[in-house]
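Spelled out from the first residue to the last, the chains are:
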Amino acid sequence: MFVARSIAADHKDLIHDVSYDFHGRRMATCSSDQSVKVWDKSENGEWHCTASWKTHSGSVWRVTWAHPEFGQVLASCSFDRTAAVWEEIVGESNDKQRGLSHWIKRTTLVDSRTSVTDVKFAPKHMGLMLTTCSADGVVRIYEAPDVMNLSQWSLQHEISCKLSCSCISWNPSSSRAHPPMFAVGSDDSNVTYGGKVQIYEYNENTRKYGKAETLMTVTDAVHDIAFAPNLGRSFHVLAIATKDVRIFKLVPMRKESTSTGPTKFEVQTVAQFDNHNSQVWRVSWNITSTLLASSGDDGCVRLWKANYMDNWKCTGILKGDGSPLTGSSGQPTAMSTVVGSSVQTSQNALNGMSAGRIGKRAPFAPPLRQLTSPKIYQHPAYY
């Protein structure tokens, strides 16, 4: 049983991304109308827009929240070749906006020469660090040396991936046994390069990031990528959205005591699903990494779960056109609801704390039907 709420977002163009904050009580949306909107959840469960402002001079592809330990901070990236950091400020007692909040731009990152396609904050145990990836194939990692001064960001690393980058995901593991690591996906159409997903790992000796692995079996355009929360596992789990949904297990191989190179991994394909029968645009994990949500051009959000044998199955389908989806038994598999007239859907991984995703991120894609009304799905048992 799923409960759906529709939001009249009032964006003037396609919504490309939806992101929840750490607690799942706030939400940010971004759009080709060059704006970002912030939404707050009231006590009765309704979502209200508390801020809306123009952020860039081009389509805004992604928006993401920093950990609340660093305050109410957002980052956005755009086709205008920049990324921006925003902070919420509450009006002082002598301010005309007394008690009201507003968002101010703290910095603009202008190092990219092409469209900035994704932006992500690093796990909080690494400090306040921000990562961007661009269509020029470069990943850039910035750090705020003083978390009280978000106008100062220094470029720490610049990593060339050789392929146009479309998405990035940090491994959230805080274990000392796992060096900092991130994965980059590419939607590059150049078929001479095999492997559209690359894994990079930090080397303490060189103090640089080096390529640890390339997933050579992923040869189609990658639209989204997501490491699962680690929860003490010795291996890593990575979900990929391409022409289908894929789940990989990365098992670190024992390193020689004298080895100074990056960790080598045994790469296992855990699951591969083509149930969407179309391009898959977003994948998102719940906080315990027991449930994966994916959305695709079939207008559905599909929920995937593994049993005790580590066999992944589809456990729910949320359809976007309002009609109930019937399985082989003829019974509806889940309550479904309307997601405007678009083929893109949002997803909420049931615990309210993971990020939902909406829409395509493709500057030269064919004309798309607009999505201006996000849809929130929630399971009553979790609220």
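Further up the page is the structure itself.
The rules behind the values
Residues numbered from 1 in each chain as written. Predicted model: local features only at pLDDT ≥ 70, side-chain atom pairs only at ≥ 80, totals over all residues. Heavy atoms only, no water. Helix = DSSP H or I, 4+ residues; strand = E, 2+ residues; numbered from the N terminus. Buried < 20%, exposed > 50% of the residue type's maximum accessible area, 1.4 Å probe, protein only. Contact = heavy atoms within 4.5 Å. Areas by Shrake-Rupley, 256 points an atom, 1.4 Å probe, with all protein chains shown as cover. Phe/Tyr/Trp six-rings, centres within 6.5 Å; stacked < 30°, edge-to-face > 60°. Pairing = 2+ DSSP bridges. Axes fitted to C-alpha atoms, helices over the stretch in contact; angles between N-to-C directions. Salt bridge = Lys/Arg side-chain N within 4 Å of Asp/Glu carboxyl O.

Along the backbone of the protein chain there are zero helices and 26 strands. In the protein chain, buried positions account for 55% of the 383 residues. Contacts spanning at least 24 positions in sequence make up 50% of the contacts within the protein chain whose residues lie at least 6 apart. For the protein chain, the exposed area adds up to about 17,000 Å²; of that, 49% sits on carbon and sulfur atoms.

Let's shift gears to the packing of aromatic side chains. Counted by the stated rule, this structure contains twelve aromatic pairs. Note on Tyr 20 and Trp 47: the rings are 6.1 Å apart at their centroids and 65° apart in plane angle, and the pair reads as edge-to-face. One end of the pair, Tyr 20, is in strand β2 (residues 15–20); the other, Trp 47, is in strand β5 (residues 47–54), with 27 residues separating them in the sequence. Comparing Tyr 20 with Trp 47, the two get one shared label, buried. Measuring from centroid to centroid gives 5.4 Å for Phe 182 and Tyr 209, while their planes differ by 50°, and the two rings are tilted. Of this pair, Phe 182 sits in strand β15 (residues 181–186) while Tyr 209 sits in strand β17 (residues 208–215), and the two are 27 residues apart along the sequence. With relative accessibility at 11%, the residue Tyr 209 sits in the buried group. The rings of Trp 170, Phe 182, Tyr 200, Tyr 202 and Tyr 209 are connected pair by pair, giving a single aromatic cluster.

What follows concerns the sheet that holds strand β12 (residues 138–143). Ordered in space as β10-β11-β12-β13, the four strands form an open sheet in which the pairing is antiparallel. Edge positions in the open sheet fall to β10 (116–121) and β13 (154–160), since each of these has one partner strand only. Across the sheet, the mean angle separating the axes of adjacent strands is 20° when strand polarity is ignored. Sheet analysis places strand β11 (residues 129–134) next to β12, joined by five bridges and oriented antiparallel.

Moving on, we come to the pairing of strand β16 (residues 197–203). Most of β16 is tucked away, with seven of its seven residues classed as buried. Neither face of β16 is exposed, since Val 197, Ile 199, Glu 201 and Asn 203 on one face and Gln 198, Tyr 200 and Tyr 202 on the opposite face are all buried. Examined bridge by bridge, β16 and β17 share seven bridges and lie antiparallel to one another. Paired with Val 197 across the strands is Leu 215, a residue of β17. Linking two consecutive strands that pair antiparallel, namely β16 and β17, is a turn of four residues; a positive phi of about 55° is found at Arg 207 within it.

Bringing the sheet that holds β5 into the picture now. Judged by pairing direction, the sheet is antiparallel, and its four strands sit side by side in the order β2-β3-β4-β5 without closing on themselves. This sheet does not close on itself; its edge strands, each paired only once, are β2 and β5. Direction aside, the axes of adjacent strands within the sheet are offset by 20° on average. Two elements, strand β3 (residues 26–31) and strand β4 (residues 35–41), share five bridges in a ladder whose sense is antiparallel.

Following the criterion strictly, the structure yields 14 salt bridges and no others. Arg 62 is the partner of Asp 118 in a salt bridge, and the nearest nitrogen-oxygen pair spans 3.5 Å. With a gap of 56 residues between them, Asp 118 in strand β10 and Arg 62 in strand β6 (residues 60–65) connect regions that are remote in the sequence. With relative accessibility at 0%, the residue Asp 118 sits in the buried group. A relative accessible area of 1% places Arg 62 in the buried class. Between Asp 136 and Arg 140 there is a salt bridge, and its shortest N-O distance comes to 3.5 Å. Owing to a relative accessible area of 29%, Asp 136 belongs among the partly exposed residues under this scheme. By sharing partners, the salt bridges in this structure join Arg 62, Asp 118, Lys 120 and Asp 224 into a single network.

It is worth stressing that arrangement in space is one thing and function is another; only the former is reported here.
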